[in-house]
Amino acid sequence: MPNFFSAPYADVRVVGIPRALLFHRYGALWTTFFEALGRTVVVSEPTTRDTVAAGTALSTDESCLASKIFLGHVDELRERCDAVFVPCYDNEGARRAFCTKFQAAPDVVANTFCDPPVRMLSCSVNETADKQDARQAFLSLAMKLGAMPKQAKHAWKAAVRAQQEAEKAACARTKATFDAVRRAEEAGEAPLTILLAAHPYLTYDPSIGGTIAEMLRNLGANVVMACENDRKKTLAASFDFSETMPWIVNREIIGAITLLHDAVDGIVLVSAFPCGPDSMTDDAIVRCIQGKPILNLTVDAQSGTAGLETRVESFVDILRYQKRGGYIHGEA
């Protein structure tokens, strides 16, 4: 059995995972990995107004809404587990970087929850500078938890399988939506299909993207999520839009827009204020993606739903008018 110095987290039996940020991208991988190592995983509850309020109180004013929500989830977990999992995701290679909030997350948590301190599990994914991909990072973390090499590799393989199944299920939901649209069209109907383009932590958070998706569905629209498409294909397609864009998730969003542009009636582009990468890429999307109405929404901790509902309803009305043969000048 590894000694304490090589396995400083061997005593951690309950691992807390914040239901925020990259959990909405890698949640299946993370959860399965720790469970395969014999740990109990506690995922924080879905975001509520109290989560947002707690995170906002803990954050600097300059933090984006998603980062504030993340700290709210860490705050909820710190009394419920032995350690909170806060990884550092820097990049997955050239032109595949993550926003600085993912890189700085361990430092932000350590400095925010310093009295009393919160115990953290962490690992670093940095393929460009450290030459360490996710597999190497998680195998190293497993050893710190006291796992033997064979057990660590088994846990990683199980985690990768779970992640692949989760991504297949997401792609299947997109296919099912388009199949339903096709059947409706064959029946002589005129279904409205809208692409919701946003980071997964906005798309799936019930307090942000989940609310917008529900609004659209309540108005009778079929909603397709940009993040529920083949990542390799969307990433590859993004290079037709920009060779130099550094951020992998923004690339995948743009790639999905490029691939699905002709299959949808409109695009709802959602960003959390004041997201740095989105402030650049969303402007480029609105300027350069032609031929489809785009509704660009920015949400923050003070945003109510009334203003969003009005804009979403107006956008859907415009799309329906266009589908009936009306003319739209410019963008929504």
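Refer to the structure presented above.
Keep in mind the model is a prediction, meaning the values are calculated, not measured.

Points about the sheet that holds strand S1 (residues 14-17)
- One open sheet holds the four strands; their spatial order is S2-S1-S3-S5, and the pairing between them is parallel. Looking along the sheet, the strands with just one partner apiece sit at the ends: strand S2 (40-43) and strand S5 (120-121).
- Pairing between strand S3 (residues 83-85) and S5: two bridges, direction parallel. For Phe-85, the partnering residue across the bridge sits in S5 and is Leu-121.

Focus: the pairing of S2
- Both S1 and S2 contribute to a ladder of four bridges, which runs parallel. Its bridge partner being in S2, Val-15 is matched across the sheet by Val-41.
- With helix H1 (residues 23-36) bridging S1 and its parallel neighbour S2, the resulting β-α-β unit is right-handed.

Some details on unusual backbone geometry
- Cis peptide bonds are those with omega within 30 degrees of zero, and the linkage from Asp-115 to Pro-116 qualifies with 0 degrees.
- By the secondary structure assignment, Pro-116 is in the loop between helix H4 (100-112) and S5.
- In this chain, Phe-273 is followed by Pro-274 through a cis amide linkage whose omega measures -5 degrees.
- Looking at where Pro-274 falls in the secondary structure, it is placed in the loop between strand S9 (266-272) and helix H11 (276-288).
- We note that Arg-95 has phi near 60 degrees; this positive angle belongs to a residue other than glycine.
- Note on placement: Arg-95 falls in the loop between strand S4 (88-91) and H4.
- A residue is classified by how much of its surface remains accessible, and Arg-95, at 39% relative accessible area, is partly exposed.
- In this structure, Lys-131 takes a positive phi of about 55 degrees despite not being glycine.
- Along the chain, Lys-131 falls in the loop between strand S6 (124-126) and helix H5 (134-144).

What to know about the nonpolar core
- Of all hydrophobic cores here, the largest spans 101 residues; its most connected members are Trp-30, Phe-34, Phe-85 and Val-268.
- Residue contacts for Trp-30: discarding those within four places in its chain leaves Ile-17, Leu-22, Phe-23, Phe-85, Pro-87, Tyr-89 and Phe-138.

Brief notes about the packing of H1 against H5
- Relative to each other, H1 and H5 sit at 30 degrees, their axes nearing to 11 Å. Comparing the axis directions of H1 and H5 gives the class roughly parallel. Relative to H5, the crossing made by H1 is right-handed. Here H1 contributes Leu-29, Trp-30, Phe-33 and Phe-34 to the contact with H5, which in turn contributes Phe-138, Leu-141 and Ala-142.
- Across the contact of H1 with H5, the residue classes tally to seven nonpolar, no polar and no charged.

Side note on the pattern of salt bridges
- By the definition in use, this model includes 12 salt bridges.
- Between Lys-323 and Asp-265 there is a salt bridge whose closest N-O contact spans 2.9 Å. One end of the pair, Lys-323, is in helix H12 (residues 305-323); the other, Asp-265, is in the loop between helix H10 (248-260) and S9, with 58 residues separating them in the sequence.
- Residue classification places Asp-265 among the buried positions, given a relative accessible area of 15%.

Some words on the sheet that holds S9
- Here we have four strands laid out as an open sheet, ordered S8-S7-S9-S10, and parallel in their pairing. The outermost strands of the open sheet, each flanked by one partner alone, are strand S8 (221-225) and strand S10 (294-299). For this sheet the average axis-to-axis angle between neighbouring strands, irrespective of direction, equals 25 degrees.
- Where strand S7 (residues 192-197) lies against S8, five bridges are found, and the strand directions are parallel. When the sheet's bridge partners are listed, Leu-196 is paired in S8 with Met-225.
- Its contacts with the sheet place helix H8 (residues 209-218) against S7, S8, S9 and S10, and it is angled at close to 150 degrees to S8.

Re the side chain of Thr-234
- In this fold, Thr-234 is placed in helix H9 (residues 231-238).
- Those residues in contact with Thr-234 that lie beyond four places of it in its chain are Asn-229, Arg-251, Glu-252, Gly-255, Ala-256 and Leu-259.

With respect to the environment of Ala-129
- Among the secondary structure elements, Ala-129 is positioned in the loop between S6 and H5.
- For Ala-129, a relative accessible area of 56% puts it in the exposed group.
- C-alpha of Ala-129 to C-alpha of Gly-93: the two residues are 36 residues apart in sequence and 9.1 Å apart in space.

Topic: H11
- Between its first and last C-alpha, H11 extends 19 Å over 13 residues, near the 18 Å set by a 1.5 Å rise per residue.
- Within the span of H11, buried status applies to Pro-277, Asp-278, Thr-281, Asp-282, Ile-285 and Val-286. Summarising the axial view, the buried residues of H11 lie within an arc of 135 degrees, below the 170-degree limit, and thus occupy one face. The exposed set on the far side of H11, more than 90 degrees from its buried face, consists of Ser-279, Met-280 and Arg-287.
- Where H11 is buried, its residues meet H10, S9 and S10.

Thresholds, definitions, all that
Residues numbered from 1 in each chain as written. Predicted model: local features only at pLDDT ≥ 70, side-chain atom pairs only at ≥ 80, totals over all residues. Heavy atoms only, no water. Pairing = 2+ DSSP bridges. Helix = DSSP H or I, 4+ residues; strand = E, 2+ residues; numbered from the N terminus. Right-handed = clockwise from strand over helix to strand, strands pointing away. Buried < 20%, exposed > 50% of the residue type's maximum accessible area, 1.4 Å probe, protein only. Core = buried A, V, L, I, M, F, W, Y, C linked by side-chain atoms within 4.5 Å. Contact = heavy atoms within 4.5 Å. Axes fitted to C-alpha atoms, helices over the stretch in contact; angles between N-to-C directions. Parallel < 35°, antiparallel > 145°, perpendicular 65-115°, else oblique. Left-handed = near helix turned anticlockwise from the far one by under 90°. Nonpolar A, V, L, I, M, F, W, Y, C, P; charged D, E, K, R; others polar. Salt bridge = Lys/Arg side-chain N within 4 Å of Asp/Glu carboxyl O. Expected span 1.5 Å × (residues − 1). Arc of directions from axis to C-beta.

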